[in-house]
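Secondary and tertiary structure notes
One-letter residues, chain by chain:
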Amino acid sequence: MDYQKLSKELSYALRHAPHEYELELDEQGWVPIKQLLLSLHEQRKWQAVTEEDLHTMIALSEKKRHEVNQGKIRALYGHSVPQKIHKEEKEPPAYLFHGTPQRFLDSILASGLVPKGRQYVHLSEDVQTAQQVGKRRDDHPVLLRIDARQAWQDGVKFYHGNELVWLADHVQKQYISVY
Ligand code: HQG
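Residues numbered from 1 in each chain as written. Predicted model: local features only at pLDDT ≥ 70, side-chain atom pairs only at ≥ 80, totals over all residues. Heavy atoms only, no water.

Brief notes about the pattern of salt bridges
Under the criterion given, the structure shown has five salt bridges. For Lys 45, the salt bridge identified is with Glu 9, shortest N-O distance 3.9 Å. Of the two residues, Lys 45 is situated in the loop between helix H2 (33–41) and helix H3 (51–60) and Glu 9 in helix H1 (residues 3–16); the sequence distance between them amounts to 36 residues. Residue classification places Lys 45 among the exposed residues on the basis of a relative accessible area of 54%. (Salt bridge = Lys/Arg side-chain N within 4 Å of Asp/Glu carboxyl O. Helix = DSSP H or I, 4+ residues; strand = E, 2+ residues; numbered from the N terminus. Buried < 20%, exposed > 50% of the residue type's maximum accessible area, 1.4 Å probe, protein only.)

A word on the nonpolar core
In terms of nonpolar packing, the biggest core is built from 21 residues, with Leu 6, Leu 10, Leu 14, Leu 36, Leu 54 and Ile 73 touching the most fellow members. Contributing elements (two or more residues each) for this core: H1, H2, H3 and strand E3 (72–75). With five residues, H1 is the single largest residue contributor to this core. Residues in contact with Leu 54, not counting those within four places in the same chain, are Leu 6, Leu 10, Ile 33, Leu 36, Leu 37, Val 49 and Ile 73. Among the nonpolar cores identified, the runner-up in size contains 18 residues, and Phe 158, Ala 168, Tyr 175 and Ile 176 belong to it. (Core = buried A, V, L, I, M, F, W, Y, C linked by side-chain atoms within 4.5 Å. Contact = heavy atoms within 4.5 Å.)

What to know about the site of the ligand
Taken together, 20 residues sit near the ligand, with Lys 63, His 98, Thr 100, Ser 107 and Arg 118 positioned nearest. Here an oxygen atom of the ligand and a side-chain polar atom of Lys 63 are 2.6 Å apart. Measuring from a nitrogen atom of the ligand, one finds a backbone N or O atom of Gly 112 at 2.8 Å. Its free accessible area being 790 Å², the ligand has 90% of it covered by the protein chains. Looking at which element gives the most residues to the shell around the ligand, the answer is helix H4 (residues 105–111), with three residues. For the shell around the ligand, the residue count by class is seven nonpolar, six polar and seven charged. (Near = heavy atom within 4 Å. Polar contact = N/O pair within 3.5 Å; in protein donor to acceptor, adjacent residues only side chain to side chain. Areas by Shrake-Rupley, 256 points an atom, 1.4 Å probe, with all protein chains shown as cover. Nonpolar A, V, L, I, M, F, W, Y, C, P; charged D, E, K, R; others polar.)

Here we look at the packing of aromatic side chains
The tally for this structure, following the rule as stated, stands at three aromatic pairs. On the numbers, 5.2 Å between centres and 70° between planes, the contact of Phe 97 with Tyr 179 is edge-to-face. Placement of Phe 97 in strand E4 (residues 95–100) and of Tyr 179 in the segment after strand E9 (176–178) is noted, with a sequence separation of 82 residues between them. On the basis of relative accessibility, which here comes to 54%, the residue Tyr 179 falls in the exposed class. Looking at Lys 84, its charged tip hangs above the ring of Tyr 120, at a distance of 4.0 Å from the centre. (Phe/Tyr/Trp six-rings, centres within 6.5 Å; stacked < 30°, edge-to-face > 60°. Lys NZ or Arg CZ within 6 Å of the ring centre and 35° of its normal.)

A look at the pairing of strand E8 (residues 165–168)
With burial as the criterion, each face of E8 is covered, one bearing Val 165 and Leu 167 and the other bearing Trp 166 and Ala 168. As paired strands, strand E5 (residues 121–124) and E8 are joined by four bridges and run antiparallel to one another. Across the sheet, Leu 123 pairs through a bridge with Trp 166, a residue of E8. Where strand E7 (residues 158–160) and E8 come together, three bridges link them in antiparallel fashion. If you follow Phe 158 over to E8, its bridge partner there is Ala 168. The antiparallel hairpin formed by E7 and E8 contains four residues in its connecting segment. (Pairing = 2+ DSSP bridges.)

If you want it as structure tokens, here you go:
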């Protein structure tokens, strides 16, 4: 079983295209594992996937992208579905980081961080993770530091993604500096 491929397929299904898989996300993004498996089994390459494989996939992944609980599974972040996925509000650490391609810098410093195609802005708890996120699109990404505590104190909402990923609706420019 190629667990990385399985993880990518599930991210696609649970973040972006549940309808293609005849899945309905609840308001926290959960779907019943039984339904997901039925849908996956329609594809030849996923005919043999079991619930156990989903656990193995999560355990083997270097990032916690998915979560299983009480017979259900969800993506923890990254959604672009039209229906807003409700995330738990949480006080952020003092600083959060964001890695982005050089070419986006001027626009970000002018209008802040906006969610673009996703439902939330994605922020990293540590510099290394932000660096990796930025490197997806630029070999020498810019690292931004977000004054999350100040923003929180000013009423900006932050939400928990996983242990390294934080989410926000919009981060205004006054909280952003080049790191
Ligand atoms: C940029 C992956 C211009 C923003 C990653 C980013 C992450 C602006 C891009 C997760 C802007 C959106 C999310 C503005 C933001 N002007 N550009 N005002 N505001 N941007 O992919 O944060 O591996 O939607 O800097 O690791 O790159 O798939 O967000 O470059 O955790 O699990 O607009 O996706 O996780 O890009 O990545 P994305 P992201 P997985």
